[in-house]
Amino acid sequence: QVQLVESGGGLVQAGGSLRLSCAASGRTFSRYAMGWFRQAPGKEREFVAAIGWSGGSTYSADSVKGRFTISRDNAKNTVYLQMNSLKPEDTAVYYCAAQMPGPRGLGRAAEYDYWGQGTQVTVSS
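A short tour of the structure in this document, coming up. (Residues numbered from 1 in each chain as written. Predicted model: local features only at pLDDT ≥ 70, side-chain atom pairs only at ≥ 80, totals over all residues. Heavy atoms only, no water.)

Scanning the entire structure with this criterion turns up 6 aromatic pairs. Every member of this aromatic cluster is reached through a ring pair, and the members are Phe-37, Phe-47, Tyr-95, Tyr-112 and Trp-115. Directly above the aromatic system of Tyr-95 lies the positively charged group of Arg-45, at a separation of 3.8 Å from the ring centroid. Across the ring face of Trp-115, the terminal group of Arg-45 is positioned such that the distance to the ring centre comes to 4.8 Å. (Phe/Tyr/Trp six-rings, centres within 6.5 Å; stacked < 30°, edge-to-face > 60°. Lys NZ or Arg CZ within 6 Å of the ring centre and 35° of its normal.)

Tracing the backbone through its elements, the reader meets Ser-124 in strand 11 (residues 119–124). Take Ser-124: its relative accessible area is 27%, and that puts it in the partly exposed class. Separated by 118 residues in sequence, Ser-124 and Glu-6 have C-alpha atoms that sit 21 Å apart. (Helix = DSSP H or I, 4+ residues; strand = E, 2+ residues; numbered from the N terminus. Buried < 20%, exposed > 50% of the residue type's maximum accessible area, 1.4 Å probe, protein only.)

Ranked by internal contacts, the top residues of the largest apolar core, which has 36 residues, are Leu-4, Met-34, Trp-36, Leu-81, Met-83 and Tyr-94. Taken together, the elements giving at least two residues each to this core come down to strand 3 (18–24), strand 4 (33–39), strand 5 (46–51), strand 7 (68–73), strand 8 (78–83), strand 9 (92–99) and strand 11. Discounting residues that sit within four places of it in the chain, Leu-81 has contacts with Leu-18, Arg-19, Leu-20, Trp-36, Val-48, Ala-49, Phe-68, Thr-69, Ile-70 and Tyr-94. (Core = buried A, V, L, I, M, F, W, Y, C linked by side-chain atoms within 4.5 Å. Contact = heavy atoms within 4.5 Å.)

On to the environment of Thr-69, then. Position of Thr-69 relative to the elements: it lies in strand 7. Here Thr-69 falls in the partly exposed class, since its relative accessible area comes to 46%. For the pair Thr-69 and Ala-33, spaced 36 residues apart in sequence, the C-alpha to C-alpha distance is 15 Å. Once residues lying within four places of it in the same chain are set aside, the contact partners of Thr-69 are Tyr-80, Leu-81 and Gln-82.

So, on to the pattern of salt bridges. Across all of its chains, the model carries 6 salt bridges by this definition. Between Arg-108 and Glu-111 there is a salt bridge whose closest N-O contact spans 3.0 Å. Classification of Arg-108 by relative accessible area gives exposed; the value is 51%. If you follow the salt bridges from partner to partner, you end up with Arg-38, Glu-46, Arg-67 and Asp-90 in one network. (Salt bridge = Lys/Arg side-chain N within 4 Å of Asp/Glu carboxyl O.)

None of this, on its own, says anything about what the molecule does.
What follows is the structure, encoded as structure tokens:
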């Protein structure tokens, strides 16, 4: 069992930056691939970025490439999402998710096993 707690959301002006953190419980954090997803009101949850268990492989949605960076610190059981050049369309609840080891993709919410409660990010124009 893994428990995930996100933090770092808030209100920021367009062009600003935020760094989200996701702290995980348990001693097996380093075995999990991790992902960030977001969900805006009235929309489906969408993939933002993912990172492999070692941090050597990262993936991001086209909409955030060049602006968002995912990273992890296995010694601290934490995954981060650095968000720069924020736009109003980035406004959403951001969720982190953990995926147990196995031959699965990282781009779909259904592929993840554990979820945090979410943190609100609001970007004003």
